[in-house]
Amino acid sequence: MNLVLLGAPGAGKGTQAQKLVAEFGFVHISTGDLLRSAVSAHTELGSQAESYMKAGKLVPDELVIGLVKERLSHDDVEKGFLLDGFPRNCEQAQVLDAELATLGKTLDGALYVNVSKDLIVKRLSSRRTCRACAYTAPAGCDVCPACGGQMYQRDDDKPETIQKRLETYETQTAPLVDYYKAQSKLKEVDGAADPNEVFARVKKLLSL
Ligand code: ADP
Ligand code: ZN
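An unreviewed UniProt entry lists the protein chain under the name Adenylate kinase, with Fannyhessea vaginae DSM 15829 as the source organism. According to the UniProt record, the Function (unreviewed entry) comment for the protein chain is "Catalyzes the reversible transfer of the terminal phosphate group between ATP and AMP. Plays an important role in cellular energy homeostasis and in adenine nucleotide metabolism."

Time to look at the coordination of the zinc ion (ligand 2). Taken together, Cys130 (SG), Cys133 (SG), Cys144 (SG) and Cys147 (SG) make up the full set of protein donors to the zinc ion (ligand 2), lying 2.3 to 2.4 Å away. Around the zinc ion (ligand 2) sit four donor atoms; with metal-centred angles ranging over 105 to 114°, the donor geometry is tetrahedral. Ordering the donors of the zinc ion (ligand 2) by residue number gives the pattern C-x2-C-x10-C-x2-C.

This next bit is on the site of ligand 1. Around ligand 1, 19 residues are found, and the nearest of them are Thr31, Arg36, Lys57, Gly85 and Gln92. Contact distances for ligand 1 include 2.9 Å between an oxygen atom and a side-chain N or O atom of Arg36. Between ligand 1 and Arg127 there is a distance of 3.1 Å, counted from an oxygen atom to a side-chain nitrogen or oxygen. In the complex, 96% of the free accessible area of ligand 1, which totals 550 Å², lies under the protein chains. Placement of ligand 1 is best described as lying within the largest pocket.

Let us look at the pairing of strand E4 (residues 109-114). The element E4 is largely enclosed, with a buried count of five among its six residues. Note: strand E1 (residues 3-6) against E4, four bridges, orientation parallel. Along E4, the bridge assignment pairs Leu6 with Tyr112. Sheet analysis places E4 next to strand E8 (residues 186-190), joined by five bridges and oriented parallel.

Nonpolar side chains tend to gather and get buried jointly when the protein is soluble and globular. In this structure, Val4, Leu6, Leu72, Phe81, Leu83, Leu96 and Tyr180 are the most contacted members of the largest nonpolar core, which totals 53 residues. Here this core gets six residues from one element, more than from any other, and that element is helix H4 (residues 61-72). Among all residues touching Leu72, those that are not within four sequence positions of it are Ile29, Val77, Phe81, Leu96, Glu99, Leu100 and Leu103.

The next subject is the pattern of salt bridges. The full count for this structure, using the stated rule, is 14 salt bridges. Of the charged contacts in the structure, one is a salt bridge between Glu23 and Lys203, with a shortest N-O distance of 3.1 Å. Of the two residues, Glu23 is situated in helix H1 (residues 13-24) and Lys203 in helix H9 (residues 195-205); the sequence distance between them amounts to 180 residues. Its salt-bridge partner being Asp157, residue Arg165 comes within 2.9 Å of it at the nearest N-O pair. You'll find Arg165 and Asp157 in the same group, each marked buried. Each of Arg127, Arg154, Asp156, Asp157 and Arg165 takes part in a single network of salt bridges with overlapping partners.

A separate point is the sheet that holds E4. Spatial ordering of the open sheet is given by E2-E3-E1-E4-E8, a layout of five strands whose pairing is parallel. The open sheet terminates on both sides in strands that have one partner only, identified here as strand E2 (27-30) and E8. Going across the sheet, the axis of each strand differs from the next one's by a mean of 20°, ignoring polarity. This element, H9, spans E4 and E8 of the sheet and lies at about 155° to E8.

What counts as what
Residues numbered from 1 in each chain as written. Chains lettered and ligands numbered in written order. Predicted model: local features only at pLDDT ≥ 70, side-chain atom pairs only at ≥ 80, totals over all residues. Heavy atoms only, no water. UniProt positions renumbered as here; feature names shortened; annotations may be inferred. Donors = N, O, S within 2.8 Å, 3.2 Å for Na, K, Ca; no water. Tetrahedral: all angles 85-135°; square planar, octahedral: opposite > 155°, others 65-115°. Near = heavy atom within 4 Å. Polar contact = N/O pair within 3.5 Å; in protein donor to acceptor, adjacent residues only side chain to side chain. Areas by Shrake-Rupley, 256 points an atom, 1.4 Å probe, with all protein chains shown as cover. 1 Å grid on protein atoms, 1.4 Å probe; cavity = no way out; pocket = protein on both sides within 12 Å on 5 of 7 lines; lining within 4 Å. Sits in = over half its atoms within 2 Å of the grid points. Buried < 20%, exposed > 50% of the residue type's maximum accessible area, 1.4 Å probe, protein only. Helix = DSSP H or I, 4+ residues; strand = E, 2+ residues; numbered from the N terminus. Pairing = 2+ DSSP bridges. Core = buried A, V, L, I, M, F, W, Y, C linked by side-chain atoms within 4.5 Å. Contact = heavy atoms within 4.5 Å. Salt bridge = Lys/Arg side-chain N within 4 Å of Asp/Glu carboxyl O. Axes fitted to C-alpha atoms, helices over the stretch in contact; angles between N-to-C directions.

See the structure below:
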């Protein structure tokens, strides 16, 4: 099964992705994680992407699209993939449809994790991320529960940038909900409950 994950930053897409990977072996393709790795590895792509990310803006399509096409060409995506953070605007969604057609693959659904704006701001300001494995958890512990790595606050989880990222989401990414609705692929879940409860609903929704 091949899925796209939709939802505002902090909606819990990454958490649900981690659970789907652990239980069903999906390949998780997070453009945010791929870009952050490129930034810490000081690659050419990373240095081009960094300033956009720090400002809470989208990285230009030509940079991100190349990254995703490359990742989708690996054999492991046969197991089924979860695209997390991509597409993030209508152009990217169209490119994805075209690329999947070229690869002879189809998208089985777009899982939309819906959370109110108030809750999003609360969650993002207290979010900590593992430097080693990208696991996320609320502030409070310094050690990653998944791998023992160091938890830190992402630059773009600071209050100034959160506001900008939410605006970017509203104007550019939220319209994709209608894009996938029109294709009859939208599967919506309420993301306000605790992660295990949300996961139970996700499995039902996807008949997993
Ligand atoms: P979020 O928690 O906002 O969902 P991500 O980890 O998915 O954050 O992405 C972090 C940043 O990386 C974004 O704010 C953006 O600058 C950049 N980014 C990630 N995916 C894309 C994409 N598909 N297109 C453009 N920029 C992207
Ligand atoms: Zn970790």
